[in-house]
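What follows is each chain in one-letter form.
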Amino acid sequence: MTTGVLARDHGITSAAAVLRTVLAHGPLARDAIAELTGISPAGISRQCASLADLGLLVTRPAARPPDRRAGRPRTELDIAADRHVVFGVHIAHHFATLAALDLRGRVLASEQVPHPGGEPERILVGTAARLREFRQHHQKGRVPVGLGVASGGWVDPDAGVLVEHSSLGWYDVPAGPILAELSGLPTRVDGHARALASAEAMFGAARGGGSLVHLFVGNVVDAAIVSGGRLYRGPGSAAGTVAHLPLGSPGTRCACGRSGCFEADAAEWAVTARAGRASIAEAVEAAG
Ligand SMILES: [Zn+2]
């Protein structure tokens, strides 16, 4: 992607622009990073030095032959993937998943923690306790960068609040502040569809400025949009909350209290229930 562009269009810092560029295209020489980010060569040298000091970038000899004009061997910068660890928590219907990842998004370890549903605070406190044990086993001397938390439903990442997850029965749950306090880690919360789309934008299908629409259909139904590498959040961070659009059968009741919602027709539990009813009807007909 062309960029001064990266920093300017995405409203991100020069340091973040350098990291994203190396993540998408690295290993890269400094002049290539300057070209891709639109940051001056002097600025790139400063950013690369401070990111290397933080242990986020590593300098390696280039795989290509030495640059004879420069009179010294070329070096390239890459993400230092083995020094830091990022932790993740995904809150699903019947369990939470804990994960440890490196800075290239590779999963180092993961574990499922069953929960009985119900009271959000009790589930978050239980999950944080398991996360402490999980860190003891899987941090392995790496420096923790932070904790990413994802769940279905409508999530406000700025406030760290799960605004509405009607099938779990959670409303206005400050999951971010609670888990930040219990874990002691900088914590970022988002909807799972947006978290997946962000991961595709950084590490996968939309890497390097691509676009995608992601539709998740499981126990909840959510969507996310990435355009030109940028995640669209919309007013109130409500973009992608398609669960309760009136696209379902008018008579079908939804957990939100209304009828005819998309999720009440399309979610896994709804399809399973319909299949169950159809088999019972068939069995009764065959018996009769
Ligand atoms: Zn609904």
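Definitions and limits used
Residues numbered from 1 in each chain as written. Predicted model: local features only at pLDDT ≥ 70, side-chain atom pairs only at ≥ 80, totals over all residues. Heavy atoms only, no water. Helix = DSSP H or I, 4+ residues; strand = E, 2+ residues; numbered from the N terminus. Buried < 20%, exposed > 50% of the residue type's maximum accessible area, 1.4 Å probe, protein only. Lys, Arg positive; Asp, Glu negative; His and termini not counted. Charge placed at Lys NZ, Arg CZ, Asp CG, Glu CD. Salt bridge = Lys/Arg side-chain N within 4 Å of Asp/Glu carboxyl O. Pairing = 2+ DSSP bridges. Axes fitted to C-alpha atoms, helices over the stretch in contact; angles between N-to-C directions. Phe/Tyr/Trp six-rings, centres within 6.5 Å; stacked < 30°, edge-to-face > 60°. pLDDT = per-residue confidence, 0-100. Contact = heavy atoms within 4.5 Å. Patch = residues over 30% accessible without salt bridge, like charges linked within 9 Å, V, L, I, M, F, W, Y side chains within 5 Å. Areas by Shrake-Rupley, 256 points an atom, 1.4 Å probe, with all protein chains shown as cover. Parallel < 35°, antiparallel > 145°, perpendicular 65-115°, else oblique. Left-handed = near helix turned anticlockwise from the far one by under 90°. Nonpolar A, V, L, I, M, F, W, Y, C, P; charged D, E, K, R; others polar. Donors = N, O, S within 2.8 Å, 3.2 Å for Na, K, Ca; no water. Tetrahedral: all angles 85-135°; square planar, octahedral: opposite > 155°, others 65-115°.

1. Structural notes on the overall build of the protein
Along the protein, the regular secondary structure elements total nine helices and 13 strands. Referenced to the eigenvectors of the C-alpha coordinate spread, the extents of the protein come out at roughly 90 × 40 × 40 Å. Classification of the 288 residues of the protein by burial places 42% in the buried group. A gap of 9 Å separates the mean positions of the 28 positive and 26 negative side-chain charges of the protein.

2. So, the pattern of salt bridges
Overall, the coordinates contain eight salt bridges when judged by the stated rule. Among the ionic pairs, Asp190 bridges to Arg194, the shortest N-O distance being 2.8 Å. In terms of burial, Asp190 and Arg194 fall into one category: buried. Its salt-bridge partner being Asp265, residue Arg274 comes within 3.8 Å of it at the nearest N-O pair.

3. Details of the sheet that holds strand E9 (residues 170-173)
Taken together, three strands build an open sheet; the order of strands is E7-E8-E9 and the sheet is antiparallel. Single-partner strands in this sheet number two, and they are strand E7 (154-156) and E9. When the angles between neighbouring strand axes are averaged without regard to direction, this sheet yields 15°. In terms of strand pairing, E7 meets strand E8 (residues 161-165) through three bridges, oriented antiparallel. Looking at the pairing, Val155 lines up with Leu162 of E8.

4. So, the packing of aromatic side chains
Overall, the coordinates contain one aromatic pair when judged by the stated rule. Residues Phe87 and Phe134 carry aromatic rings whose centres are separated by 6.3 Å and whose planes lie at 75° to one another, so their mutual orientation is edge-to-face. One end of the pair, Phe87, is in strand E3 (residues 84-91); the other, Phe134, is in helix H5 (residues 120-138), with 47 residues separating them in the sequence. Across the pair, Phe134 and Phe87 agree in class, each one buried.

5. Section: the confidence of the model for the protein
Per-residue pLDDT for the protein has a mean of 89; in total, 92% of the residues score no lower than 70. In the predicted structure, residues 1-10 sits below a pLDDT of 50 and forms 28 contacts with residues beyond four places in sequence or in another chain.

6. Here we look at a nonpolar patch on the surface
Taken together, the side chains of Val213, Ile225 and Tyr232 define a hydrophobic patch exposed on the protein surface, amounting to about 310 Å² of accessible area. Relative to the assigned elements, Val213 resides in strand E11 (residues 212-217).

7. Considerations on the packing of helix H2 (residues 14-25) against helix H3 (residues 30-37)
The description of two helices packed together rests on the angle between their axes and the distance between the axes. Axis separation between H2 and H3 bottoms out at 10 Å; the angle between their running directions is 110°. Between H2 and H3, the angle is such that the two are roughly perpendicular. For the pair H2 and H3, the crossing hand works out as right-handed. Here Ala17, Val18, Thr21, Val22 and His25 of H2 lie close against H3, whose contacting residues are Ile33, Leu36 and Thr37. Split by residue class, the contact of H2 with H3 holds five nonpolar, three polar and no charged.

8. Comments concerning the environment of Gly251
You can see Gly251 is positioned in the loop between strand E13 (230-232) and helix H8 (262-266). Counting along the chain gives ten residues from Gly251 to Cys261, while the straight-line C-alpha distance between them is 9.6 Å.

9. As for the coordination of the zinc ion
Distances from the zinc ion to its protein donors, namely His244 (ND1), Cys254 (SG), Cys256 (SG) and Cys261 (SG), fall within the range 2.1 to 2.3 Å. Bound by four donor atoms, the zinc ion shows angles of 105 to 113° at the metal and therefore tetrahedral coordination geometry. Donor residues for the zinc ion sit on one chain with the sequence pattern H-x9-C-x1-C-x4-C. On the criterion of sequence distance, the pair formed by His244 in the loop between E13 and H8 and Cys254 in the loop between E13 and H8 is long-range, its members being ten residues apart.

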